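Inside the fold
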Amino acid sequence: MLSFLYHIKPLFLPPLNLLLLVLAGWLLGKRWPVLGRRMILVAVSALFLLSLPIVAGTLLHSLEVHPVLDTTQPVAEDSAIVVLSAGMYQDAPEYDGADTVGTLTLERLRYAAKLHRDFGVPVVTTGGIIGDVETSLAEAMAKVLTGELGVSTVWQEAEAFNTQQNAAFTEKLLQSHGVSTVYLVTHSWHMRRAMLVFEQTGLKVIAAPTRVGGPFELSVGLFVPNAGALNVSYYALHEWLGQLWYLLVYT
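Criteria and thresholds
Residues numbered from 1 in each chain as written. Predicted model: local features only at pLDDT ≥ 70, side-chain atom pairs only at ≥ 80, totals over all residues. Heavy atoms only, no water. Pairing = 2+ DSSP bridges. Helix = DSSP H or I, 4+ residues; strand = E, 2+ residues; numbered from the N terminus. Axes fitted to C-alpha atoms, helices over the stretch in contact; angles between N-to-C directions. Contact = heavy atoms within 4.5 Å. Buried < 20%, exposed > 50% of the residue type's maximum accessible area, 1.4 Å probe, protein only.

1. Concerning the sheet that holds strand E6 (residues 181-187)
Hydrogen bonding along the main chain pairs the strands of a sheet, whether they run parallel or antiparallel. Spatial strand order, E5-E4-E1-E6-E7: five strands in an open sheet with parallel pairing. Each end of this open sheet is capped by a strand with a single partner; those strands are strand E5 (154-157) and strand E7 (204-210). Put simply, the sheet's adjacent strands are angled 25° from each other on average, direction ignored. Alignment of strand E1 (residues 79-84) against E6, held across five bridges, turns out to be parallel. Within E6, the position partnered with Ser-79 by the bridge is Thr-181. Set on the sheet, helix H7 (residues 163-176) makes contact with E1, strand E4 (123-126), E5 and E6; between it and E5 the angle comes to about 125°.

2. Some details on unusual backbone geometry
Looking along the chain, the bond that leaves Pro-14 and enters Pro-15 is cis, with omega of 5°. Within the fold, Pro-15 resides in the loop between helix H1 (2-8) and helix H2 (16-29). In the Ramachandran plot, Asp-78 falls in the positive-phi region, its phi being about 50° despite a non-glycine side chain. Looking at the secondary structure, you find Asp-78 in the loop between helix H4 (53-61) and E1. On the basis of relative accessibility, which here comes to 51%, the residue Asp-78 falls in the exposed class. Of note, the phi angle at Asp-91 is positive, near 50°, even though the residue is not glycine. Following the sequence through the fold, Asp-91 ends up in strand E2 (residues 88-92).

Here it is as structure tokens:
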């Protein structure tokens, strides 16, 4: 079931959902011209708006509810840093064809490594095997943490398929190590959903978001559509869709 949902997700997100709306409008337009034209107009207008930096930034900023972690506060006792995965870079030729972490995962790992240096507590990587790869996300993340970022202690949870399983399976791992408090590392726009499921496990969870945005100054560039903004809109709408799903299923 989870694998099925993973593969149909693009149907509900841009640009595929908007392209499908254009196709539907074109097909229906043969019989109902007015309806078809309106559907195409809606799809094209939405694609244009989602490609504007000001729209994309606003959508993403609406998800950022946790501030940057204050690292000057005392380190919680019996704690660990849990860093969530965000995709794999498969068959990387510059790494001898091995599977390694993707860009978003690397951003999270870099911040987790900084917290490890600040706090001196273990880091937990969590994420199973996604798609046609041989390496779990947890293992690929651990390799980067220990081999490239200088983290000395890494525990792996290599079975989880989604954020809810990240929380449930990691809680069992931490319980075996006597850990009851976690510094949770993920992107700022994903933190609200991650906190929801991690707090349900009974752990004490401290948000440690990375890539925390803020208010932006108006400029001409914010109103010029580009592919980067469309990508940001995709992340934001993906997360809003995920939050809706989790509220319906896990609360």
